[in-house]
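Listed below are the residues making up each chain.
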Amino acid sequence: MNQGSASKDPEALQTLAGEYVLGTLAADEQAEVVQRLAHDPALQAAVDAWEQRLLPLAEHAAPQPPSPRLWSRIERSLGHQQQVPRTPWWQRLALWQGASAAGLAASLLLAGLLLTQQAPAPRYLVVLVAPGDNAAGWVVQASDARNIELIPLGQDQVPEGMVLQFWTKGEQWRAPVSLGLVKPAQQYRVPQQDLPPLEPNQLFELTLEKAGGSPTGRPTGPVKFIGRALKVI
Amino acid sequence: MNLPAPPFDFQVCLAACAQGDRRALQALYDHEGARLLGVARRIARDHATAEDILHDAFIRIWTGAASFDPARGSARGWVYSITRHLALNFVRDTRRETPLDDHEVTAVASLFAGFDEPQLWTGSARINRCVEQLQPAPQRCILHAYVDGCSHAEIAGLLGAPLGTVKAWIKRSLQALRECMA
């Protein structure tokens, strides 16, 4: 396939794109198309259109049940993969949406906790939920920034050599601040440190980090639990 | 074969994958894995190889989910094109560019027997109607290429047609399909 003619002649471009999607290009032609796709919007648009056009033909291939081990193999390989580009957790929209979705659960739990609460009453409560399923895992109670307590609701475990690190971030803060390392299923009182006053909607979360905590001072591992502060009236 | 498409939001799924949600990837695997494996299996013609391809496809879906651009096409199409191109690259690297011998033609042709079954053409997709309007030989060229990942030379062997004729059929069929779908 002549590149020059394909660039000028729309019909040649369509044929090139169509054969690329069909899969009939020889190895060198195919490599050429792949290379051009990165910087040739016309070819890219033609290929995209052919992909959509021909897609229903894939139904001519009968489904084949994968062997039971295939998914675990994929899952193992994922462990070595770095997703690109990665967005810091505090900028991830879905996480915030998930955290807000936990609001109802939070207020229900809050009502229960208030009934059993000793003075001084907490002024803020946070229910930390697992990002995927919104299952509540921890509750944070705080009367002020100097008295923050983390209470486990379940018996979650952490892989060998890993720890949970507790973080918080106010809405105007540039980055999260570490509140220390947490042992699974154990109550934790945050040591006094110089934190700005607590605010409604302040984010709290637990990430999985290597033993000793995040080496960068910012969360690096996956978010295990996350939630926002609710002000108790 | 016309598979019903249960409601599954591929785009939401990819967005969740891009945010590191492994459960979203697993949901995609549970929902579409068998169909994607079927696609890879037809092209690779070997189950174990097809599973290797599906494995690589899911890793690529996971690492590349953030680069999916809905303006360029459907999320489902993106997932299929990753899988198909991995399978096509595999056969391109391993299969030679010469016509099949008689023994191979018989073996490969038996895989394709399904194309002559009328129920294959009950699909509601417009592309099926358009392919149906092609002459029988060009029709088989398109399907052997797309579904079976056959090269020009392999199709020539299967159809007992000269290589140049097969290339011309495919080129003309692509033009006809594009006009038919316009």
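This is a predicted model, so every value here is computed, not measured. (Residues numbered from 1 in each chain as written. Chains lettered and ligands numbered in written order. Predicted model: local features only at pLDDT ≥ 70, side-chain atom pairs only at ≥ 80, totals over all residues. Heavy atoms only, no water.)

*Asks:* Hey, could you go over the layout of surface pockets for me, with residue numbers and the actual values?
*Replies:* Estimates place the volume of the second largest pocket at around 730 Å³. If you go around the second largest pocket, you meet 26 residues; those closest to its centre are Tyr20 of chain A together with Arg72, Trp78, Ser81 and Ile82 of chain B. Every element with two or more residues in the lining of the second largest pocket is listed here: helix 3 (27–37) and helix 4 (41–54) of chain A together with helix 3 (47–64) and helix 4 (75–94) of chain B. Here the element with the most residues in the lining of the second largest pocket is helix 4 of chain B; it accounts for seven residues. Among the residues forming the lining of the second largest pocket, the class breakdown is nine nonpolar, 12 polar and five charged. (1 Å grid on protein atoms, 1.4 Å probe; cavity = no way out; pocket = protein on both sides within 12 Å on 5 of 7 lines; lining within 4 Å. Points joined across faces, edges and corners; volume = space filled by probe spheres on them. Helix = DSSP H or I, 4+ residues; strand = E, 2+ residues; numbered from the N terminus. Nonpolar A, V, L, I, M, F, W, Y, C, P; charged D, E, K, R; others polar.)

*Asks:* How would you summarise the pattern of salt bridges if you had to cite specific residues and measurements?
*Replies:* Residues and elements named next belong to chain B. Following the criterion strictly, the structure yields 10 salt bridges over all chains and no others. Between Asp148 and Arg42 there is a salt bridge, with its nearest N and O atoms 2.8 Å apart. Of the two residues, Asp148 sits in the loop between helix 7 (136–146) and helix 8 (152–159) while Arg42 sits in helix 2 (residues 22–44), which places them 106 residues apart along the sequence. The pair formed by Asp148 and Arg42 is uniform in burial state, with each residue classed as buried. Among the charged side chains, a network of salt bridges with common partners joins Glu32, Arg35 and Arg76. (Salt bridge = Lys/Arg side-chain N within 4 Å of Asp/Glu carboxyl O. Buried < 20%, exposed > 50% of the residue type's maximum accessible area, 1.4 Å probe, protein only.)

*Asks:* Residue-level account of helix 2 of chain B, with values.
*Replies:* Residues and elements named next belong to chain B. Taking 1.5 Å of rise per residue, 23 residues should cover 33 Å, yet helix 2 covers just 27 Å from first to last C-alpha, more than 12% shy of that figure. The largest bend in helix 2 amounts to roughly 60 degrees and is located at Glu32. The opening residue of helix 2 is Asp21, an N-cap whose side-chain oxygen sits 2.9 Å from the backbone nitrogen of Arg23. Looking one or two places after helix 2, you find Arg45, whose phi comes out positive at around 60 degrees. (Expected span 1.5 Å × (residues − 1). Bend = angle between axes of the 7 residues up to and from the residue. Polar contact = N/O pair within 3.5 Å; in protein donor to acceptor, adjacent residues only side chain to side chain.)

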